[in-house]
Amino acid sequence: LVVSLLVFVTRQDGHQLASLLDLKQIQATKQQEENNVLHKTPQPYNEIVSAHLRCGRLLFQKKYDAAYTEVSSCVPVFLEQVFRTEEETWVVPPLLMIVTNVRRVAFASGSTSTLESAGNVLMSCFAAANRPQGDPDKRLATLRIVNELFRIYFKLNTLRNCKYLIRVVEAKKFVAFHLFQAGERVTYKFFVGRLDVFDENFVDADEHLTYAFNHCHSKATKNRRLILKYLVPVKILVGKLPSEKLLNSFEDLHGMYANVKEAVKTGSIKLFEKTLEDHMEDYVGAGTYLLIEKLRFAVYRRLLKKVQLIYAEFRPERAVQVPLTYFVKALKWQGYDTDLAEVECIVANMIYRKYVKGYISHKNGVVVLSKKQPFPPLNSGMLVDPDT
């Protein structure tokens, strides 16, 4: 270990040094080996590596808070005595490994205070990488650090902290996005897309999650499935129904979303309710339950459109004046217990949300639809709840 460390530092082999610091590779070491590293290798590398060895031993003993103390203690040492003093980019891989280690150990601890501390530690790394001394390509470390910070903020549910990082990354003076590694770009777009979903910016969510999916490696099955868990309901919500081929590519996704797609396509509120009930735990677990619930008005809209088309065949002269009782009967036929008052409320909501163009004539008990495009595209509707 001592010889390897000396060789990697002398050769300025950042990738090998990063491998040496990888906590997944570090086994529980004896005290003598730590002492050898501490006393037989130059500063500050002796401090950095020995801290990782102690961290590895404490992780093996499941003493996660103590392990975090060790791994985080070497961050300021590395930043001040290595990253800021060495001008070449060979110091980027070990920095990124240390950043990943800090986040992983903080996750293993799970305590709020440790996660918050890890966020602060990683912000110091981001600041150092964003304004590096020497080779400007050292800034290519920034996006990986941003992604690790996203993971921490999502874990803490402090999503507001992500907004600052997004502003920095998307600023004109920041590193050109295409220069970062594909995996880092995919991860970034995935998190930004999830933030868009949280903020109910569904059109932007569609754009960012689509980018993440299209640029994700075809063999990264787990990541592609994770992206689709958010992308599929977003696509449906903005009126872009996913293909059967896409849904069939992952069995669990087909079970979760195929019937949702069919309900939106056919206006089957019965199928929608049953699917929501059958897969509620899956939606809650994926964090998409509220997103799926928003599709209810898309199902209502399709059903009303079918009612209007049928009514127009029998009364073409009054095609745009659809009696609400017909909509009541259509819902009841599907087993949805309702009445005229509730249906008026449903239709009023669809009009308010711009899923339907027209107005309700309460006196005559009809919805008077616009003669021009009474059912606008789904993506033109108000996707944000009125009270938000």
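Counting restarts for each chain, with residues numbered from 1 along the sequence as it is written. Where totals are concerned, whole chains, interfaces and linings use all residues; where local detail is concerned, this predicted model gives features only for residues with pLDDT of at least 70, and gives and counts side-chain atom pairs only at 80 or more. Excluding hydrogens and water, the side-chain values take into account all heavy atoms of the structure.

### So, the environment of F154
Note the following rule: Runs of E in the DSSP output that reach at least two residues are strands. Runs of H or I that reach at least four are helices, and both are numbered from the N terminus. When checking whether two residues touch, look at their non-hydrogen atoms; a contact exists if any pair is within 4.5 Å.
Examined against the element boundaries, F154 turns out to sit in helix α8 (residues 142-156). Leave out the neighbours within four places in its chain, and F154 touches L159, C162, F191, R194 and L195.

### Topic: the packing of helix α5 (residues 64-83) against helix α6 (residues 92-109)
The condition that has to hold: Here an axis means a line fitted to C-alpha atoms, over the contact stretch when the element is a helix, while the angle between two N-to-C directions is reported on a 0 to 180 degree scale. The labels follow the angle: roughly parallel below 35 degrees, roughly antiparallel above 145, roughly perpendicular from 65 to 115, and oblique for the rest. Should the near helix be turned anticlockwise from the far one by less than a right angle, the crossing is termed left-handed; should it be turned clockwise, right-handed.
Interhelical geometry of α5 versus α6 gives an angle of 160° and a closest axis separation of 9 Å. Looking at the two axes, α5 sits roughly antiparallel to α6. At the point where α5 passes α6, the crossing takes the left-handed sense. In contact with Y64, D65, A67, Y68, V71, S72, C74, V75, F78, L79 and F83 of α5, α6 contributes V92, P94, L95, I98, N101, V102, V105, A106, A108 and S109.

### Things to note about the nonpolar core
Counted only if it meets this: As used in this record, nonpolar core signifies buried Ala, Val, Leu, Ile, Met, Phe, Trp, Tyr and Cys residues forming a set joined through side-chain atoms within 4.5 Å. Think of it in three bands: with a 1.4 Å probe and only protein chains considered, a residue is buried below 20% of the maximum accessible area for its type, exposed above 50%, and partly exposed in between.
In this structure, I145, F327 and M350 are the most contacted members of the largest nonpolar core, which totals 129 residues. For this core, the element with the highest residue contribution is α5, accounting for 10 residues. Excluding residues within four positions of it along the chain, F327 makes contact with Y300, L303, L304, V307, V343, I346, V347 and M350.

### Regarding the pairing of strand β3 (residues 366-369)
So the rule is basically this: By the convention used here, strands pair only if DSSP detects at least 2 bridges between them.
Residues of β3 alternate between two faces, with V366 and V368 on one and V367 and L369 on the opposite face, all of them buried. In the sheet, strand β2 (residues 358-361) pairs with β3 via 4 bridges, with the strands oriented antiparallel. Note that in β3 the partner of S361 across the bridge is V366. The antiparallel pairing of β2 with β3 creates a hairpin that spans 4 residues between the two strands, and G365 there sits at a positive phi of about 65°.

### With respect to the packing of aromatic side chains
Within a pair of aromatic rings, the relevant descriptors are the distance that separates the centres and the angle that separates the planes. What counts, and what does not: Only Phe, Tyr and Trp rings are paired, with Trp represented by its six-membered ring, and only when their centres lie within 6.5 Å; those with planes under 30 degrees apart are stacked, over 60 edge-to-face, the remainder tilted. Two limits define a charge over a ring: the Lys NZ or Arg CZ must be within 6 Å of the ring centre, and within 35 degrees of the ring normal.
One pass over the structure, following the stated rule, counts 14 aromatic pairs. Taking the centre distance of 6.5 Å and the plane angle of 65° together, the rings of F177 and F180 count as edge-to-face. Here a set of aromatic residues connected by ring pairs shows up, and it is made of F150, F154, F174, F177, F180, Y188, F190, F191, Y211 and Y230. The cationic tip of K155 hangs over the ring face of F107; the distance from NZ or CZ to the ring centre is 5.3 Å. Across from the ring centre of F177, 5.2 Å away, lies the NZ or CZ of K189, which sits over that ring.

### Description of unusual backbone geometry
A positive phi angle is found at E200, which is not glycine, with a value near 60°. Topologically, E200 is positioned in the loop between α10 (182-198) and α11 (202-215). Taking relative accessible area as the criterion, E200 reaches 15% and is therefore assigned buried.

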